[in-house]
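So the chains spell out like this:
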Amino acid sequence: MYDVKLNKLLQAIMLSAPLILAGCSDDDDSSGPLGSDTRALNFVRVATLPVCTQINADCDTDTETAAEIVDVSEDGKTLIYTDSPRGVIGFVDITTPDAPAPLGTLDLAGEPTSVAVKGRYALVGVNTSASLEEPSGELAVVDIASRTLVTTINLGGQPDSVAVSPDKAYAAIAIENERDEDIDDGRIDRTPQAPAGYLVVADISAADPADWATRNVDLTGLALIAPTDPEPEYVDINSDNMAVVTLQENNHLVLVDLASAGVADHFSAGEVSLGQVDTAEEDIISQTGSLSNIVREPDGVTWIDSNHFVTADEGDMNGGSRGFTVFNTSGEVVFASGNQLEHLTARLGHYPEGRSENKGNEPENAEFGRYGDRPLLFINSERSSIVAVYDVTDPRSPEFLQTLPAAAGPEGVKAIPGRNLLVVASEEDDRGTFRGAVNVYRYGEQDATYPAIQSTDRNDGTPIPFAALSGLAADQSDTSRLWSIEDSAFRASRIFGLDVSTTPASLDREIRITDGNGVLAALPTVGAAADDNAFDDTDLDALINDDSTVNLDPEGIAVASGGGFWVASEGSGTVGDSSRPVESLNLIVKTDTQGVITDVVTLPDDLNNMQRRFGFEGVAEYNGKLYVAFQRAWDSEANPRIGIYDPATESWTFVFYPLDAAESQNGGWVGLSDLASLGDGRFLVLERDNQSGPDAAIKRVYRVNLATATAESTISKTLVRDLIPDLKATGGMVPEKVEGLTVTASGEVWINNDNDGVDDNSGENQLIHIGNMADL
């Protein structure tokens, strides 16, 4: 054992040596040139700071917060971000990047919309509009060190984006004067709404902000769509002091020479046509549709050199443009990403099926940074909550490098090459599901840590789409093979095969569960037909599609010893609750290796008649019997059950599992998620609360002995592992739904989380190997 520990220590020293040799200082291990490690250059997420920590150190607050647009002080150590829900800008110390610390906030006179840094000052666009018809705003000049307001400059309208030129001589402020979107209801011809937007050019070369002067640039009469009502959305400035401005609602791009404050050129952003994309919201990811002649409607924009810029094409209308485009300064498209981001997000389990009829993954922003000699482009996908990283050495052919996970709704993005850092601001905040956050990534010679899972292609060349992975099972004949399932976030339920011999794990098999033999169709109904809480023929019909695929709620999976799978499907609804009537029963479904249902097991009638909506979760097989975990207690029972079913006698017995009491500062409940056999009558059990991020308190693995348990008894348990340190080690926030647990034949223990089908969720998928049972 001593030799093993010594070897690990030596490996750690060797891996850290290049960073030490690179000349990094003791208090800043991320600055300076890159080392001589032979591994590839990658970004790795090192920290996520929920910005609710500005209110309460533990984030014990329901107050809505956000991190929308972010910039950094010139020494690269203080972040400044906008928080529009609270009407403040926030400050974060990133001297130590993997331990960002909140420094406080500054109240402003309205809604901060953007921020950019010039020397000691942060320039903040502030929307002070009384209404859409009476827009107003100001540029707040803030001293970063003291976090105090120095002065304000009247902008005459509603600011959206602020940029500072590389030479710090100019600031450009996009005055959007946002329209009332309800008037047009998605029409492309856009009814003009006064007043028109424009660009403000601020001459900021003077040391004293009191000496700064502004000039307005008229943008009317340029666009083909609503030419009298331009709506500047985003602005960026190149080294020649040329600003590029996106007029998103007008589908137009404008180049402005800042020295003269005049329009240098302008052109339509054009249209895209997309194939192999999902265009229907039907709870099935099907990338078989197409979109034709969709206006790009660019949102964020960034220069990648003095002759090329990149737009993040959000596309507000007609299905969304869903990608990004490289333009040259003549307005020519030199590269269009097409369906790349749609396929990328589907491949990683981040595709938002619920947005398929709108904008799909919804690219929101773009950023450029030169790290060493590598020109890198970053594209934020707002609805999929990822950042796609590209090498743009050749603007005509960006090379995809990696994907970074982010907290929900990444909006702002800031490259900090001088410290080998990248920062992303995520704006979505709802205490019940996610918190607005600042994400910090370090660049260096290191292995990428995300994704944890990526899928292979189908025969048509599109990736196997997946999300909402629930239970987990090990193939006992192949230690590199795991199995999982998707829950009721999707119709036409599937089983997935994962090859964990690769990094990331390869999701290389999908098996549709089908009822081709009519086994599920023959399931008896329960209760009187007149009872609204009965499971009747109508409910049964809803479970089976015309093509014999089935719509279950698979929460647990086990590999059957005789071949095929056991799948635990959670029942829907609660007996006696008219607001949540019973629509399906808790079922254990047996399939063959091709997913065809061969048997269906239901609970005894007395339990079906007391069904609660927190039913079957994990399932395991041991010694010819099935063991299934109920998520929570039913009726007046104190604890949830673990059911033991004997297929030979078709009989059930039950024991009760003693859940931990809720420990979260936000209250909530605790339940079971999965269980896995250790092969000797003992089982691992996954227990979790329904809290995430700073509120998460219980994500634990316990061991129980069911070989000696007597029917109807309450069993005892032994803590094996607290999973919260494992989940925090990813650099992200702790997910709520840690749902899968399995043990391979060689004793390796794996867990995974359920991302809720990217519905009110960042979509992050983690598949974590937590060690061998011998070491736990």
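Report follows, based on the coordinates. Per-chain numbering applies: the sequence of each chain, read as written, is numbered from 1 onward. Where totals are concerned, whole chains, interfaces and linings use all residues; where local detail is concerned, this predicted model gives features only for residues with pLDDT of at least 70, and gives and counts side-chain atom pairs only at 80 or more. As a convention, hydrogens and water are excluded, and side-chain values are obtained from all of the structure's heavy atoms.

Once that is clear, we can look at the overall build of the chain. Check the secondary structure of the chain and you find 5 helices and 50 strands. For the radius of gyration, the atoms used are the C-alpha atoms, and the globule rule reads 2.2 Å times the number of residues raised to 0.38. On C-alpha atoms alone, the chain measures out to a radius of gyration of 28 Å, which is about the 28 Å that the 2.2 N^0.38 rule sets for 776 residues. Principal-axis analysis of the C-alpha atoms places the extent of the chain at approximately 90 × 65 × 45 Å. Here the chain holds 776 residues, and 60% of them are scored as buried. Sequence separation of at least 24 residues holds for 54% of the intrachain contacts in the chain that already meet a minimum separation of 6. Accessible area of the chain: about 28300 Å², with a carbon and sulfur share of 45%. Within this scheme the basic residues Lys and Arg register as positive and the acidic residues Asp and Glu register as negative, but His and the chain ends are omitted. Lysine's charge is taken at NZ, arginine's at CZ, aspartate's at CG and glutamate's at CD. For the chain, the separation between the mean place of its 50 positive charges and that of its 127 negative charges on side chains is 6 Å. The numbering of helices and of strands both runs from the N terminus, where a helix is a DSSP run of H or I of at least 4 residues and a strand a run of E of at least 2. Partly exposed residues are those whose accessible area sits between 20% and 50% of the maximum for their type, while under 20% is buried and over 50% is exposed, using a 1.4 Å probe and protein chains only. Note on contacts: a residue pair is in contact if any heavy atoms of the two residues lie within 4.5 Å. To measure how exposed things are, a 1.4 Å probe is used in the Shrake-Rupley method; for residues, cover is taken only from the protein chains shown.

In this section: the sheet that holds strand S12 (residues 198-203). Read from one edge of the open sheet, 4 strands run S10-S11-S12-S13, paired in antiparallel fashion. Two strands in the sheet have a free side with no partner beyond their single neighbour: strand S10 (159-164) and strand S13 (213-218). Sheet twist, expressed as the average angle between the axes of neighbouring strands with direction ignored, equals 20 degrees. Sheet analysis places strand S11 (residues 170-175) next to S12, joined by 6 bridges and oriented antiparallel. Residue pairing across strands places Ala 174 opposite Leu 199, the latter belonging to S12. When DSSP locates at least two bridges between a pair of strands, those strands are taken to pair. Here an angle of 0 to 180 degrees is reported between the N-to-C directions of two axes, which are lines fitted to C-alpha atoms, with helices fitted over the stretch in contact.

Okay, unusual backbone geometry next. A cis amide bond links Tyr 450 to the next residue, Pro 451, at an omega of 5 degrees. With respect to the helices, strands and loops of the structure, Pro 451 is situated in the loop between strand S30 (437-445) and strand S31 (453-455). Located in the positive-phi region is Lys 168, a residue other than glycine, with phi close to 65 degrees. Tracing the backbone through its elements, the reader meets Lys 168 in the loop between S10 and S11.

Along the chain, the position of Arg 431 falls in the loop between strand S29 (421-426) and S30. One polar contact links Arg 431 to Asp 695, side chain to side chain, over a distance of 2.8 Å. For the purposes of these results, a polar contact is taken to be a pair of N or O atoms within 3.5 Å, where, inside protein, one atom must be able to donate a hydrogen and its partner to accept one; residues adjacent in sequence count only when each atom of the pair is a side-chain atom.

This part takes up the state of the cysteines. For this text, the term disulfide refers to a pair of cysteine sulfurs within 2.5 Å. Using the criterion set out here, one finds 1 disulfide in the structure. At a sulfur-sulfur separation of 2.0 Å, the disulfide partner of Cys 52 is Cys 59. Judged by the sign of its S-S torsion, about 95 degrees, the cystine formed by Cys 52 and Cys 59 is right-handed. For the pair Cys 52 and Cys 59, one class covers both residues: buried.

The 4 strands are arranged S2-S3-S4-S5 in an open sheet whose pairing can be described as antiparallel. In this open sheet, the two edge strands, each paired with only one partner strand, are strand S2 (70-72) and strand S5 (101-107). In this sheet, neighbouring strand axes are inclined to one another by 25 degrees on average, regardless of whether the strands run parallel or antiparallel. Note that strand S4 (residues 88-93) and S5 share 6 bridges and pair antiparallel. Opposite Ile 89, over in S5, you have Leu 106 as the bridge partner.

Relative to the helices and strands, Glu 617 resides in strand S40 (residues 616-622). Not counting residues up to four positions away in its chain, the partners in contact with Glu 617 are Glu 555, Gly 556, Ala 568, Glu 570, Ala 629, Gln 631, Leu 672, Ser 673 and Glu 739.

With that settled, consider the pairing of strand S24 (residues 363-371). The side chains of a regular strand alternate, residue by residue, between the two faces of the sheet. Burial within S24 is extensive, with 8 of its 9 residues counted as buried. Relative to strand S25 (residues 374-381), S24 runs antiparallel, the two being bridged by 8 bridges. Note that in S25 the partner of Arg 370 across the bridge is Pro 375. The hairpin formed by S24 and S25 contains 2 residues between the paired strands, and Gly 372 there has a positive phi angle of roughly 65 degrees.

Here we come to empty space enclosed by the protein. Only protein atoms enter the 1 Å grid used here. Points where a 1.4 Å probe fits but cannot escape make up a cavity, open sets with protein on both sides within 12 Å along at least five of seven lines make up a pocket, and a residue lines them when an atom lies within 4 Å of a point. Grid points are joined across faces, edges and corners, and a volume is the space filled by probe spheres set on the points. Under the defined criterion, the tally for this structure stands at 3 cavities of 30 Å³ or more. By volume, the largest cavity is sized at about 370 Å³. Together, 29 residues line the largest cavity, and Thr 433, Met 733, Val 734, Pro 735 and Ser 762 are the ones closest to its centre. When its residues are assigned to classes, the lining of the largest cavity shows 8 nonpolar, 13 polar and 8 charged. Classification convention: Asp, Glu, Lys, Arg as charged; Ala, Val, Leu, Ile, Met, Phe, Trp, Tyr, Cys, Pro as nonpolar; all other residues, Gly among them, as polar.

Two measures describe an aromatic ring pair: the distance that separates the ring centres and the angle between the ring planes. Two rings from Phe, Tyr or Trp (for Trp, the six-membered ring) form a pair when their centres sit within 6.5 Å of each other. Planes less than 30 degrees apart are called stacked, planes more than 60 degrees apart edge-to-face, and all others tilted. Across all of its chains, the model carries 23 aromatic pairs by this definition. Measuring from ring centre to ring centre gives 5.1 Å for Phe 630 and Trp 634, while their planes differ by 65 degrees; the resulting arrangement is edge-to-face. Residue class for Trp 634 comes out buried when judged on its relative accessible area of 1%. Pairing Tyr 645 with Trp 652 gives two aromatic rings, centres 5.1 Å apart and planes at 50 degrees, and the pair type is tilted. Overall, Trp 652 belongs to the buried group, its relative accessible area being 14%. Three or more aromatic residues joined by ring pairs make a cluster, and in this case those are Phe 616, Phe 630, Trp 634, Tyr 645, Trp 652 and Phe 654. Either the NZ atom of lysine or the CZ atom of arginine qualifies as a charge over a ring when it sits within 6 Å of the ring centre and within 35 degrees of the ring normal. When the ring centre of Trp 483 is taken as origin, the NZ or CZ atom of Arg 481, which lies over that ring, is 5.6 Å away. Stacked on the ring of Tyr 702, the Lys or Arg Lys 717 has its end atom at 4.1 Å from the ring centre.

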